[in-house]
Amino acid sequence: MSFCNLSLGFKKWASTNIPNLFIEKYFNSNTKILYLLVYIYGIYLAQNNYSDSNKPSAIAEKLGISHESVLEAFKFWQDEELLSIDAPENPLDSPDINYMPIFPKKNDKSISYDSSKYSKFVDQLNEVFDKQGKSLNSNNLISVIDDMERWEVTQEASCKILDYANKKHAGTLTLGKLHGILKEFGMTHNTTPEDVDRHILYLDVIKGDMGQILKALNPKLTYNISFSEMGSYIELYNNWIKDFDLETIIEVCKHFKQKGSLTDLNDLLNELALEINATKKDDVKDALEFIDESLVIAKQIIKTLGTFDKYDAIAKNYVRDWMVMGFDKKGLTEIAKHCFMSNYKSVNIMNQFLTNLHKRGLISNDKIVDYIKQICKYDDKITEIMNVSSSHVNLSNSEREHYKMFIEDWKFSHEIILMVTSKQKQIQSRTQIFTWLNRVLSDMKNSKISTFSEAEKYIEDLIARTNYKKQGKGTSKKGDTSTSIDTSIYKADLVKVDVDELNKMIIDDILFFGKAARTATEDDIISYISLQKKYDYERPVLVVAAELLSFDPFNWDNIDKLLSRFKEHDVVDYDSAMEFVENNPLS
């Protein structure tokens, strides 16, 4: 609806302007009264904008004549060059009647204009109509130039408008359409070449294909576009149209339910074309359903895991890959529940779990449920171990894997594991229970211990050795740097050493982190003392070296090589050792 309108009352008491020249020329016995009535009533309808009555049938009914007589009258006035009749694109529609300004005939007092001022435009206009097989007379040219003068549109701007109009109507341009377009540019004060360029760009965006896209995406977007953004909008459209037709792009816009931004649309179209390889309408429709489903699953997984991740990023980076693997919403939800119960509240860890399932061919819901039951079958027994050790660590797959290895691979009974656990605090209480169990049971396995009585005796001996150390037996007094133990087992240059350097627990730490999984021997002690004296390193650096060492199997020569690299690069403590390894990958 227009901003300013005339009320019906105003229109009723308004007036219709008839050109004086028309009355002077045609109010005579040579002009049919019928033609005069049709011309005047047509002007009345046009000037007062009576849209309901502004059609040939309504005029015929009003004047009491036939439809054919109305068209006959308008054809007469077209021959007199007082109006133009534009045939409609649809033959069932009424033609467009465009009233022209009235100019004197050649034998009348003529209205002149400077031909040189409009020569370029006139040549271009004649060329356009010549290609359509039409010719223009002087009155036609004067009527168009009258528009240019009236709206003060420069010749250069008019040439641009003519070019735009010809392209818009694709070889079917008429004078009536050209008058309308000149009027549109003139009334919006786009009268210079620069103004015309700006307005054409605006029309291309708002009223062209891009305008349809913006309206389908979010109608509010078309009201806030600055001219500086127009070029980028056209550039986006030109990129999209390389892969998608307009109908498909609008189908994608509907996916946002009029809540998306232009950036959202661009990202989605790029994803469809480059990642999913869907550019045809049917393929795009299937892809959008796939994307929507992934978003629903992502929301459910985040809710189940209790994380604060953005569901759209999780859907794009994880869920869609899982769906391609063959997992569905039900199976993924079951796995998310398992990860949550295992205290693995991370989508990345869930991804690792799913990758392992896929490698094993466990994709269907039934197989997933059976597998989860299998890995959770020891949960009650693991919980019992944690309770005995007073451990407050949440049960996770790490504990499950350790316990499964103790039972199924190393062949220890639950009773043996439970007994060993109950003795932890008498031996060493600072290490996490399963880390400590891994070390102790590994030694027992290497010692060929299999029965409960053998295990019990081994633990009693271990407790005795621990108590012996706690009581200070075999150790020096504070400040004494010599050893009182038999040093004959050491090399000549290591006869006198600080007893603290022989702390077997320290060496056991290194062996454990170095994945040697065995008890320290006399050779280990000698190697440890040699390296400590050689590089003058404290325990933290030595343990870091063992922990980060990638060589397999573990040996002291490799530790020596790594410590040598540490020394060469001025590594002196734990932090610098970690930083060095991060920047210099081991090989």
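Structure first, text after, so check above.
The present account deals with the structure reproduced in this document. (Residues numbered from 1 in each chain as written. Predicted model: local features only at pLDDT ≥ 70, side-chain atom pairs only at ≥ 80, totals over all residues. Heavy atoms only, no water.)

1. Overview of the overall build of the chain
So, step 1. In terms of helices and strands, the chain carries 30 helices and two strands.
So, step 2. Each of the 587 residues in the chain was classed as buried or not, and the buried ones make up 41%.
So, step 3. The contacts of the chain with a sequence gap of at least 6 include a subset with a gap of at least 24, amounting to 62%.
So, step 4. Total accessible area on the chain is roughly 34,200 Å²; 49% of this is exposed by carbon and sulfur atoms. (Helix = DSSP H or I, 4+ residues; strand = E, 2+ residues; numbered from the N terminus. Buried < 20%, exposed > 50% of the residue type's maximum accessible area, 1.4 Å probe, protein only. Contact = heavy atoms within 4.5 Å. Areas by Shrake-Rupley, 256 points an atom, 1.4 Å probe, with all protein chains shown as cover.)

2. Let's talk about the packing of aromatic side chains
So, step 1. Taken as a whole, this structure holds 15 aromatic pairs when the rule is applied.
So, step 2. Geometrically, the ring pair formed by Tyr-39 and Trp-77 is tilted, given 5.0 Å between the ring centres and 55° between the ring planes. With a gap of 38 residues between them, Tyr-39 in helix α3 (residues 33–48) and Trp-77 in helix α5 (residues 67–79) connect regions that are remote in the sequence. Judged on exposure class, the residue Tyr-39 and its partner Trp-77 are both buried.
So, step 3. On the basis of an interplanar angle of 40° and a centroid distance of 5.5 Å, the ring pair of Phe-406 and Trp-410 is categorised as tilted. Like Trp-410, Phe-406 is buried.
So, step 4. Among the aromatic residues, ring-to-ring pairing joins Phe-22, Tyr-26, Phe-27, Tyr-35, Tyr-39, Phe-76, Trp-77 and Tyr-99 into one connected group.
So, step 5. One cation-aromatic arrangement involves Lys-299 over Tyr-311; the distance from NZ or CZ to the ring centre is 4.6 Å. (Phe/Tyr/Trp six-rings, centres within 6.5 Å; stacked < 30°, edge-to-face > 60°. Lys NZ or Arg CZ within 6 Å of the ring centre and 35° of its normal.)

3. As for the side chain of Asp-147
So, step 1. Inspection of the secondary structure assignment puts Asp-147 in helix α7 (residues 138–151).
So, step 2. Buried charge without a partner: Asp-147 forms no salt bridge, and the closest opposite charge is Arg-150, 5.3 Å away.
So, step 3. Those residues in contact with Asp-147 that lie beyond four places of it in its chain are His-179 and Leu-182. (Lys, Arg positive; Asp, Glu negative; His and termini not counted. Salt bridge = Lys/Arg side-chain N within 4 Å of Asp/Glu carboxyl O.)

4. What about the nonpolar core?
So, step 1. Ile-213, Leu-272 and Met-350 are the most contacted members of the largest nonpolar core, which totals 56 residues.
So, step 2. It is helix α15 (residues 281–305) that contributes the most residues to this core, ten residues altogether.
So, step 3. Not counting residues up to four positions away in its chain, the partners in contact with Met-350 are Ile-301, Leu-305, Trp-322, Leu-332, Ile-335, Ala-336 and Cys-339. (Core = buried A, V, L, I, M, F, W, Y, C linked by side-chain atoms within 4.5 Å.)

5. A closer look at a negative patch on the surface
So, step 1. A surface patch of negative charge is lined by Asp-282, Asp-283, Asp-286, Glu-289 and Asp-292.
So, step 2. Take Asp-283: it is sitting in helix α15. (Patch = residues over 30% accessible without salt bridge, like charges linked within 9 Å, V, L, I, M, F, W, Y side chains within 5 Å. Charge placed at Lys NZ, Arg CZ, Asp CG, Glu CD.)

6. Section: helix α4 (residues 56–63)
So, step 1. Residues of α4 that are buried include every one of Pro-56, Ala-58, Ile-59 and Ala-60, and no others.
So, step 2. If you follow the buried residues of α4, they end up packed against α3 and α5.
So, step 3. Just past α4, the residue Gly-64 takes up positive phi, approximately 70°.

7. A few points about the packing of α15 against helix α17 (residues 329–341)
So, step 1. Contact geometry for α15 and α17: axes closest at 9 Å, N-to-C directions at 20°. It follows that α15 is roughly parallel to α17 by the angle criterion. Crossing hand, α15 versus α17: right-handed. Facing Val-296, Ile-297, Gln-300, Ile-301, Thr-304 and Leu-305 of α15, the residues of α17 in contact are Lys-329, Leu-332, Thr-333, Ala-336, Lys-337, Cys-339 and Phe-340.
So, step 2. Within the contact of α15 with α17, the residues separate by chemical class into eight nonpolar, three polar and two charged. (Axes fitted to C-alpha atoms, helices over the stretch in contact; angles between N-to-C directions. Parallel < 35°, antiparallel > 145°, perpendicular 65-115°, else oblique. Left-handed = near helix turned anticlockwise from the far one by under 90°. Nonpolar A, V, L, I, M, F, W, Y, C, P; charged D, E, K, R; others polar.)

8. Points about unusual backbone geometry
So, step 1. Its identity as a non-glycine residue notwithstanding, Asn-277 has a phi of 60°, on the positive side.
So, step 2. Classification of Asn-277 as exposed rests on a relative accessible area of 63%.
So, step 3. A positive phi angle is found at Lys-448, which is not glycine, with a value near 65°.
So, step 4. Looking at the secondary structure, you find Lys-448 in the loop between α24 (433–446) and α25 (452–470).

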